[in-house]
Amino acid sequence: MNTTPKSNRLHIAFFGNCNVGKSSVVNAFTNQKLSVVSNVFGTTTDPVSKSMELLPIGPVEIIDTPGFDDNSDLGKLRVEKTLQILRKTDVAILVVDITKGKNDFDRKLISLFKEKNIPYIIVYNKMDLQKLDNPSNNEIMVSATENIGINDLREKVAHFVKVEDKKIIGDKLNEGDIALLVVPIDKSAPKGRLILPQQQTIRDILDSNCTAIVCKEDKITETINNLNKKPKVVITDSQVFKKANADTPKDIYLTSFSILMARYKGFLATAVKGAKAISGLNNGDKILIAEGCTHHRQCEDIGTVKLPKWLNNFTNKNIEIDFCSGTEFPNDLGKYKLIIHCGGCMLNEREVQSRMNMAIKQNVPFTNYGTSIAYMQGILERSLEIFPEFLELIK
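Cut-offs applied
Residues numbered from 1 in each chain as written. Predicted model: local features only at pLDDT ≥ 70, side-chain atom pairs only at ≥ 80, totals over all residues. Heavy atoms only, no water. Helix = DSSP H or I, 4+ residues; strand = E, 2+ residues; numbered from the N terminus. Buried < 20%, exposed > 50% of the residue type's maximum accessible area, 1.4 Å probe, protein only. Contact = heavy atoms within 4.5 Å. Areas by Shrake-Rupley, 256 points an atom, 1.4 Å probe, with all protein chains shown as cover. Disulfide = S-S within 2.5 Å. Phe/Tyr/Trp six-rings, centres within 6.5 Å; stacked < 30°, edge-to-face > 60°. Lys NZ or Arg CZ within 6 Å of the ring centre and 35° of its normal. Pairing = 2+ DSSP bridges. Axes fitted to C-alpha atoms, helices over the stretch in contact; angles between N-to-C directions.

- The protein chain goes by [FeFe] hydrogenase H-cluster maturation GTPase HydF in an unreviewed UniProt entry, where it is assigned to Ruminococcoides intestinihominis.

So, in structure tokens, the structure goes:
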């Protein structure tokens, strides 16, 4: 549980105004001193997170956010950080001082929860001082200082959400199938380890009682010929999609890690439809290439070097490209004709879909690395054959 990536954890975020005991509730909930507790206004200055296990859910990420009613200049920046946290929040917990009740800031947060379809629980803190008459199903009373009602809150959160057992590729395999994974080892490959989508895909294949075999891009033909049983599917890094397509026999499925991640995070349908926008780009159009993580960029970085080069070669247009990474995803997307996102392996499903929905609301096509590369190389249809439910979206 301690090694589960943050992107695979349920994100539970605590919201509320300054000095309602929010950080005290968080500390009691996690049974750790996660946040600094003080009577000083605005003690929590930035979101603080902690990974833990919450039964029966499993691994979760707990986030304590700054007070939402901080109207100072610095406080406004803190509120912006709080709003960013909403993009990744699977369950929101609004902490209210029971002796004061909800105010306009609380009601604004509740409105945001509803707008973003985030399940939420209202926690009335300081029940040792006052009681609430007839709390509703999504309300609970606690006392953080007296540790009253905290276990009830944990159980309420645990039973408030439904955790799906999603597969990356295993649902498309039969027991005993072989999956061949193509992993280039170049300057951008992390020394001594595989990147997260590769690790997760291997584990998913093994959990499905199938066999995962890994090779470099120049060993595809040799590896397939050396097997007594042909692979059910070849899964490649998108950077070598063209070579993998050439070296993989037509009777073997072919797809990429990035396409698998788009399906796993729930935005493959949007990505397939969005990729078609590449053909409609014109001179002077502006697009955004977005990554969910921050890393040291090498000279042949896929997002900032290879993808722009493929776009220019395919469109033969003078396209303007902006880049963003990590948590810095712009709110105003209206100036873009297309957004090409990474697979989102370092982001939880809620945040990836939040970014996708922001684009949809602003009528901006949204796709990802692997889908756009397959489209530009004329192999998108083949890369989706193992997922026939998405093939009709190409037309």
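Still more ground to cover, so stick around.
## Quick look at the overall build of the protein chain
Move 1: The helix and strand inventory of the protein chain stands at 13 helices and 14 strands.
Move 2: When the 395 residues of the protein chain are sorted by exposure, 53% land in the buried category.
Move 3: The long-range fraction of contacts in the protein chain, counting pairs at least 24 apart against all pairs at least 6 apart in sequence, stands at 71%.
Move 4: For the protein chain, the exposed area adds up to about 18,600 Å²; of that, 47% sits on carbon and sulfur atoms.

## Regarding the state of the cysteines
Move 1: Taken as a whole and judged by the stated rule, the model has zero disulfides.
Move 2: The thiol of C324 is unpaired, and the distance to the nearest cysteine sulfur, on C342, comes to 9.1 Å.
Move 3: By relative accessible area, C324 is classed as buried at 11%.

## Concerning helix α8 (residues 257-264)
Move 1: Here α8 lies mainly inside the structure; eight of its eight residues are buried.
Move 2: Along α8, the positions that sit buried rather than exposed are F257, S258, I259, L260, M261, A262, R263 and Y264.
Move 3: With its phi angle positive at about 85°, G266 sits one or two positions after the end of α8.

## Examining the packing of aromatic side chains
Move 1: Applying the stated criterion to the full structure yields five aromatic pairs.
Move 2: For the pair F113 and Y120, a centre-to-centre distance of 5.6 Å together with 35° between the ring planes defines the contact as tilted. Each member of the pair, F113 together with Y120, is buried.
Move 3: Counting every residue linked through ring pairs, the aromatic cluster contains F15, F113 and Y120.
Move 4: The residue whose ring lies beneath R154 is F29, and the NZ or CZ to ring-centre distance is 6.0 Å.

## Remarks on the sheet that holds strand β8 (residues 211-215)
Move 1: One open sheet accounts for four strands, arranged β8-β7-β9-β10; its pairing is parallel. Strands with a single pairing partner mark the edges of an open sheet, and in this sheet they are β8 and β10 (253-256). Taking each pair of neighbouring strands and ignoring which way they run, the sheet shows an average axis angle of 25°.
Move 2: Strand direction decides the pairing type here: strand β9 (residues 233-236) and β10, joined by four bridges, are parallel. Its bridge partner being in β10, I235 is matched across the sheet by T255.
Move 3: The sheet contacts of α8 involve β7 (178-182), β9 and β10, and relative to β10 the element is tilted by about 75°.

## Quick notes on the side chain of D64
Move 1: Along the chain, D64 falls in strand β3 (residues 58-64).
Move 2: For D64, a relative accessible area of 0% translates into the label buried.

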